[in-house]
Amino acid sequence: GNSPNDGELYIEIENMIPHEVYTKDITVMNARDDAQYSIYLMATPNYDDGDIDLLGETRCRLWLDDILIYDGLVNGHGTPDISSSGVDLGGVYKSGESRNLHAEFVWNATGNEENDTDNSYYGVVSFHWIFYAQISKTSDNRGGGGGGGYRDPNKDPSGETETQKT
């Protein structure tokens, strides 16, 4: 996925070796002081190219603080299917609270690539990780960020949630 702030890749793996495990740790945090959030993650493919099907052959497993929360392909098709809806990243995050998201990637080559000693196969896959937050019902919902703002609690007594991208 790409960082929206500076365009750098969060995860970049070059010269993958079949069946080798590549890892990345990401800190998921509520850096806001005006609300409590539930945070979710979705994965969507951006593009793939080359001789090999990395999109269909690269396994991704995600752990949140040592609990397995996703097991499937980098395209988001797995358990659960995070290509169509987000996986919960640990419930409500209070201001300043953080959790560790640990990712593992393994290329499960299905062709002759793993016996190739001169690295004549080429493949590239790009995917987006979309993190989004939902304001918790227990927060005061002030300053909703990103187009939010103050919501008059007298006009919405149900305490419904608002969604915004982070």
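Just so it is clear, the structure is predicted and the values come from calculations on it, not from any experiment.

Participant: Honestly, the sheet that holds strand S3 (residues 58–64) in this entry has me stumped. Any pointers?
Facilitator: Within a sheet, neighbouring strands are paired by backbone hydrogen bonds and run either parallel or antiparallel to one another. With respect to topology, five strands assemble into an open sheet ordered S1-S7-S3-S4-S5, the strand pairing being antiparallel. A strand with exactly one partner marks an edge of an open sheet, and here the two such strands are strand S1 (21–29) and strand S5 (78–79). Examined bridge by bridge, S3 and strand S7 (residues 98–107) share seven bridges and lie antiparallel to one another. Directly across from Cys60, in S7, lies its bridge partner Phe105.

Participant: Looking at this structure, how should I read unusual backbone geometry?
Facilitator: Phi is mostly negative for residues that are not glycine, and the peptide bonds are mostly trans. Here the bond from Thr79 into Pro80 is cis, since omega is -10°, no more than 30 degrees from zero. The backbone of His19 shows a phi angle near 70°, a positive value even though the residue is not glycine. If you trace the backbone, His19 turns up in the segment before S1. With a relative accessible area of 43%, His19 lands in the partly exposed category.

Conventions and cut-offs
Residues numbered from 1 in each chain as written. Predicted model: local features only at pLDDT ≥ 70, side-chain atom pairs only at ≥ 80, totals over all residues. Heavy atoms only, no water. Pairing = 2+ DSSP bridges. Helix = DSSP H or I, 4+ residues; strand = E, 2+ residues; numbered from the N terminus. Buried < 20%, exposed > 50% of the residue type's maximum accessible area, 1.4 Å probe, protein only.

So far we have only geometry, and geometry alone does not tell us how the molecule works.
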